[in-house]
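# Results of the structural survey
So the chains spell out like this:
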Amino acid sequence: MFHVNFIGEMAQRGIQPDSSKFCCSICLDLLKDPVTIPCGHSYCMSCIKDCWDGEEHKEIYSCPQCRQSFTPRPVLVKSTMFAELLEEMKKMGLQAAPPDLCYAGPGDVACDVCSGRKLKALKSCLTCLASYCEQHLQPHYDSAPLKKHKLVEATVKLQENICSRHDEVMKIFCRTDQQCICSLCSMDEHEGHRKVSAAAERTERQEELELSRQKIQQRIQDTEKDVKVLQQEVEAISRSADKAVEDSEEIFTQLIRLVEKRRSDVKQQIRSQQEEEVSRAEEVQEKLKQEIAELRRKDAELEQLSHTQDHIHFLQNYPSLSCLSESTHSPSINIRPLSYFEDVTAAVSELRDKLQELLKPKTRAEFLQYSCHITLDPNTAHTYLSLSEGNRKVTVMAEEQSYPSHPDRFTEWCQVLSRESLTGRCYWEVKWKGTVFIAVSYQDISRTWYGNECGFGNNDKSWSLDCYNMNCLFVHNNIRTAILLPVSSRVGVYLDHTAGILSFYSVSETITLLHRVQTTFTQPLHAGLRLYIEGNTSLFLSFNQDLHIYVFNLK
């Protein structure tokens with residue numbers, strides 16, 4: 001047969017057929033039960049059948065390679081002649097190309113010797129400055145002269161070995177200029193320079209590299225030890241924290257139990273005393289009711305006697321009716337409504353105050369755990385106040401600023417409120433010079449009048465610490481409380497909204513309580529500042545985000 005003779009002729013000439021032309025493009029293996037579809041492409045019977053079975057719902061069938069579509073679905077018939085040809089070629093040793101001999105794709109290094117479609121290169125020769133597939137690389141393994149060539153993993157960077165000026169291989173290293181050069185460069189612009197072979201320089205640099213690696217590896221080991229130590233410290237911190245949480249939870253549980261028991265005892269004592277006092281009062285009340293009934297009966301008899309016409313009857317009965325028995329109760333009863341148990345309430349309040357004093361922060365570090373980020377609200381700033389630096393700095397200006405009209409703006413007092421509302425526990429600090437009013441205020445404080453309703457501290461909606469010349473006083477509801485302690489240039493403000501605590505502290509190397517308020521806050525609070533200006537002095541306020549500090553400086 002023709003195809004058998006053709007194959008035999010190919011074998012006699014030593015021609016190896018391209019196995020890729022006999023592979024199925026779906027499974028990438030040699031064709032099995034080959035079929036040829038109307039567009040001319042061939043596939044394994046099972047591969048194209050499975051492909052089209054997945055397109056049953058489309059009613060249009062296409063070639064996986066050229067995408068030509070067919071309607072209706074073509075009938076698949078095995079190509080007998082193609083199958084026989086494949087069988088004969090398999091006997092000659094035809095196999096699918098192994099992965100390492102696949103064709104070069106995008107990003108691969110292609111064989112420089114292959115003609116037509118190039119195979120993927122396995123090695124690059126630094127002497128030949130070429131890359132070779134497995135077949136074309138073989139002479140470098142078989143030929144004695146080629147065995148001396150330097151082979152490396154296939155790379156596209158071979159051109160880096162060529163001198164860009166002379167198109168010569170660079171085999172020399174100029175130590176004077178610290179660069180690789182070719183022989184022509186050596187005789188030209190590098191003449192008289194200190195030069196060695198690239199191999200010699202590589203050997204020396206290799207030794208330096210090894211020393212560098214040793215240093216790096218030593219640093220890695222040292223750093224890993226430090227990491228291990230830090231990890232152990234982290235674990236120790238975590239264990240300590242877990243133990244502290246566990247112990248504190250147990251202590252607080254015991255404390256809560258003691259408080260609950262004491263609360264129950266106090267409640268029981270109050271109720272017991274209430275029952276005793278109520279019983280005593282009810283007993284006296286019952287006797288008084290009986291006495292009232294007896295007096296009313298005697299009064300009725302006397303009234304009846306007063307109307308009798310019989311003088312003898314009147315005179316005989318009057319002495320016995322007019323005689324009153326002694327009262328069984330004291331002439332006056334000491335009644336203390338609502339205040340009877342006020343001493344108990346006072347004792348419980350004292351216990352609460354002591355507990356709050358015990359639990360409140362004592363050091364600046366403890367306060368800083370409640371530090372809050374505060375920015376100033378430009379919608380509240382007086383028109384002579386200029387805000388900058390992310391609304392953390394305020395400056396008193398000589399001219400009004402072009403703020404838009406806003407109902408929240410202070411129109412008379414030179415004041416500004418924070419954008420953030422403050423609830424829970426909060427802490428911030430103010431660093432000041434000159435005169436400043438450090439305040440907290442409800443949002444609904446008045447804004448548009450120069451009366452006490454608007455000024456911080458002059459009403460029941462705000463609380464203010466007025467600082468001037470290292471002195472200060474506390475103002476609330478227009479009542480001023482002198483503070484005899486000197487105030488430092490930094491003031492800390494601590495707010496426990498839930499507990500109703502507002503405290504001002506002088507902050508230096510130590511932290512000293514200036515004034516403390518115990519009240520009930522009915523709304524969220526806002527931090528507030530009022531600037532006092534003498535003459536044309538400008539006053540600045542800035543906010544340090546790390547320390548949460550307002551800073552005042554004279555311009």
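Quick caveat, the model's predicted, so the values are computed rather than measured. (Residues numbered from 1 in each chain as written. Predicted model: local features only at pLDDT ≥ 70, side-chain atom pairs only at ≥ 80, totals over all residues. Heavy atoms only, no water.)

## A word on the overall build of the protein chain
When helices and strands are counted, the protein chain shows eleven helices and 24 strands. Counting over 555 residues, the protein chain shows a buried share of 29%. Expressed as a percentage of contacts within the protein chain between residues at least 6 apart in sequence, the contacts between residues at least 24 apart total 53%. Total accessible area computed for the protein chain in this model is approximately 35900 Å², and 53% of it derives from carbon and sulfur atoms. (Helix = DSSP H or I, 4+ residues; strand = E, 2+ residues; numbered from the N terminus. Buried < 20%, exposed > 50% of the residue type's maximum accessible area, 1.4 Å probe, protein only. Contact = heavy atoms within 4.5 Å. Areas by Shrake-Rupley, 256 points an atom, 1.4 Å probe, with all protein chains shown as cover.)

## So, the packing of aromatic side chains
Applying the stated criterion across every chain yields a total of twelve aromatic pairs. An angle of 85 degrees between the planes, with centres 5.5 Å apart, marks the rings of Tyr442 and Trp463 as edge-to-face. Of this pair, Tyr442 sits in strand β15 (residues 435-442) while Trp463 sits in strand β16 (residues 462-468), and the two are 21 residues apart along the sequence. Looking at Tyr442, the relative accessible area reads 5%, which means it is buried. Taking relative accessible area as the criterion, Trp463 reaches 3% and is therefore assigned buried. Put simply, the rings of Phe367, Tyr370, Tyr427, Tyr494 and Tyr505 touch in pairs and so form one group of aromatic residues. Residue placement shows Arg530 over the ring face of Phe437; its charged tip is 3.9 Å from the ring centre. (Phe/Tyr/Trp six-rings, centres within 6.5 Å; stacked < 30°, edge-to-face > 60°. Lys NZ or Arg CZ within 6 Å of the ring centre and 35° of its normal.)

## Structural notes on the confidence of the model for the protein chain
For the protein chain, mean pLDDT is 82; residues scoring 70 or higher make up 86% of the total. In the model, residues 535-555 has pLDDT below 50 throughout and makes 72 contacts with residues more than four positions away in sequence or in other chains. (pLDDT = per-residue confidence, 0-100.)

## Observations regarding the sheet that holds strand β18 (residues 479-483)
The strand order across the open sheet formed by six strands is β13-β22-β15-β16-β17-β18, and the pairing between neighbours is antiparallel. Each edge of the sheet is formed by a strand with only one pairing partner; in this case those strands are β13 (415-417) and β18. Looking at each pair of strands side by side, their axes are set apart by 20 degrees on average, direction ignored. When β13 meets strand β22 (residues 525-531), the two strands line up antiparallel, connected through three bridges. Residue pairing in the sheet places Gln415 in a bridge with Arg530 of β22. (Pairing = 2+ DSSP bridges. Axes fitted to C-alpha atoms, helices over the stretch in contact; angles between N-to-C directions.)

## Brief notes about a nonpolar patch on the surface
A cluster of nonpolar side chains, contributed by Phe252, Leu255, Ile256, Leu258, Val259, Leu355, Leu358 and Leu359, occupies part of the molecular surface with about 740 Å² of accessible area. Secondary-structure elements contributing two or more residues to the nonpolar patch are α8 (198-306) and α10 (342-359). Here the nonpolar patch takes five residues from α8, the largest share from any one element. On the secondary structure map, Leu359 appears in helix α10. (Patch = residues over 30% accessible without salt bridge, like charges linked within 9 Å, V, L, I, M, F, W, Y side chains within 5 Å. Salt bridge = Lys/Arg side-chain N within 4 Å of Asp/Glu carboxyl O.)

## Examining α8
Across its 109 residues, α8 extends 150 Å between first and last C-alpha, which sits within 8% of the 162 Å expected from 1.5 Å per residue. By the burial criterion, the buried members of α8 are Glu201, Val266, Lys298 and Leu305. In this structure, the buried residues of α8 make contact with β8 (172-174), β10 (195-197), α9 (311-322) and α10. (Expected span 1.5 Å × (residues − 1).)

## Looking at the sheet that holds strand β6 (residues 130-132)
The three strands are arranged β6-β5-β7 in an open sheet whose pairing can be described as antiparallel. Only two strands of the sheet have a single partner each, and these edge strands are β6 and β7 (151-153). When the angles between neighbouring strand axes are averaged without regard to direction, this sheet yields 35 degrees. Examined bridge by bridge, strand β5 (residues 123-125) and β6 share three bridges and lie antiparallel to one another.

## Re the pattern of salt bridges
Counted under the stated rule, the structure contains 20 salt bridges. Across the pair Asp247 and Lys243 runs a salt bridge, and its minimum N-O distance is 2.8 Å. Here Asp247 pairs with Lys243, and both are found in helix α8, just four residues apart, close to one helical turn. Residue classification places Lys243 among the partly exposed residues on the basis of a relative accessible area of 45%. Salt-bridge contacts for Arg425 lead to Asp496; the nearest nitrogen and oxygen are separated by 3.4 Å. Taken together, the residues span a long stretch of sequence, with Arg425 in strand β14 (residues 425-431) and Asp496 in strand β19 (residues 490-496) at a distance of 71 residues. Under the relative-accessibility criterion, Arg425 is labelled partly exposed at 39%. With relative accessibility at 9%, the residue Asp496 sits in the buried group.

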